[in-house]
Amino acid sequence: MSLTYEICIDSTAGALAAEQAGAHRVELCSALFEGGLTPTLGTVEATLAAVSSIRVHVIIRPRGGDFIYDEYEVAAMERDVAEVREAGAQGVVIGVLTPSGEVDVEVAKRLIDAARGLSVTFHRAFDMTADPFAALDTLASLGVDRVLTSGQDVTALEGAPLIASLVERAGDGLIVMPGGGITPRNVSRVVEATGVKEIHFAALVDAPSPAVHRNPHPFMGGELRQPEYARLVTSPGLVSEVIAASGA
């Protein structure tokens, strides 16, 4: 069985690392500390110009927190989808919910319409739905291509029983793609337990900042913050390790 590998990245360098390691697709984000937000148009354009074969799907998420958006945020997402499409991306990644934990059908339709034929993934907002099977049916009826999910659990391994049930429910319709905590140690178990055809993971390693002058006093964020002089970068070696360990 062959698998499709999607790598969650936050830079053009990450896309090149994923391509070098043999991945098929990237989900291009910014602010992975927030779970992934819409990257700048400049980053999207630079990434598309740099890669040669890997597909680039772009997350459309204007802020962290919940997935219930006001009219201004929806308008911004529509515009972001259109700009990403015009830039030449192959897909977009969206996720919108109602306060009661259902797929926001009207907003989803607007974003799908703005995508105009691009591949559409519904991201892990799915894991916050009240009824995952009803949500899956709704997304299938909307024409969404795939759903990213940890099986509504902490990791895709722990959520594997629900993921397997979702795969069975989806049949030959939309693709159910596990993501969340996938590593070289557990990827084969996730694949075996779920029967999926695509997997999503990050392959981040620590890299030191090149800054020589360092001021230890100010911070660029709030009380919950990452180290100022450290980076997380996508490792082609770790991507290759997960691919090799998947058993496909």
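Analysis parameters
Residues numbered from 1 in each chain as written. Predicted model: local features only at pLDDT ≥ 70, side-chain atom pairs only at ≥ 80, totals over all residues. Heavy atoms only, no water. 1 Å grid on protein atoms, 1.4 Å probe; cavity = no way out; pocket = protein on both sides within 12 Å on 5 of 7 lines; lining within 4 Å. Points joined across faces, edges and corners; volume = space filled by probe spheres on them. Helix = DSSP H or I, 4+ residues; strand = E, 2+ residues; numbered from the N terminus. Nonpolar A, V, L, I, M, F, W, Y, C, P; charged D, E, K, R; others polar. Core = buried A, V, L, I, M, F, W, Y, C linked by side-chain atoms within 4.5 Å. Buried < 20%, exposed > 50% of the residue type's maximum accessible area, 1.4 Å probe, protein only. Contact = heavy atoms within 4.5 Å. Expected span 1.5 Å × (residues − 1). Polar contact = N/O pair within 3.5 Å; in protein donor to acceptor, adjacent residues only side chain to side chain.

### So, the layout of surface pockets
Taken as a whole, the largest pocket encloses approximately 640 Å³ of empty space. Residue lining of the largest pocket: 30 residues in total, with Cys8, Gly35, Arg124, Gly180 and His200 positioned closest to the centre. When residues of the lining of the largest pocket are traced back to their parent elements, those giving at least two are strand 8 (198–201) and helix 8 (236–245). The residue makeup of the lining of the largest pocket, split by class, is 15 nonpolar, 9 polar and 6 charged.

### Observations regarding the nonpolar core
Ranked by internal contacts, the top residues of the largest apolar core, which has 64 residues, are Val92, Phe122, Leu139 and Phe201. Among the elements that take part in this core, helix 4 (residues 105–115) stands out by supplying 6 residues, more than any other. The residues contacting phenylalanine 201, other than those within four sequence positions of it, are Tyr5, Glu6, Ile7, Cys8, Ile182, Val239 and Val242.

### Observations concerning helix 3 (residues 71–87)
Compared with an ideal rise of 1.5 Å per residue, which puts 17 residues at 24 Å, helix 3 spans 24 Å between its outermost C-alpha atoms and is within 8% of the ideal. Taken residue by residue, helix 3 has Glu73, Val74, Met77, Val81, Ala82, Val84 and Arg85 as its buried positions. On its buried face, helix 3 is in contact with helix 2 (41–50), strand 3 (55–59), strand 4 (91–94) and helix 4. Capping the start of helix 3, aspartate 70 holds a side-chain oxygen 3.0 Å from the backbone nitrogen of tyrosine 72, two or three residues further along. In the segment just after helix 3, glycine 88 is the residue with positive phi, at about 110°.

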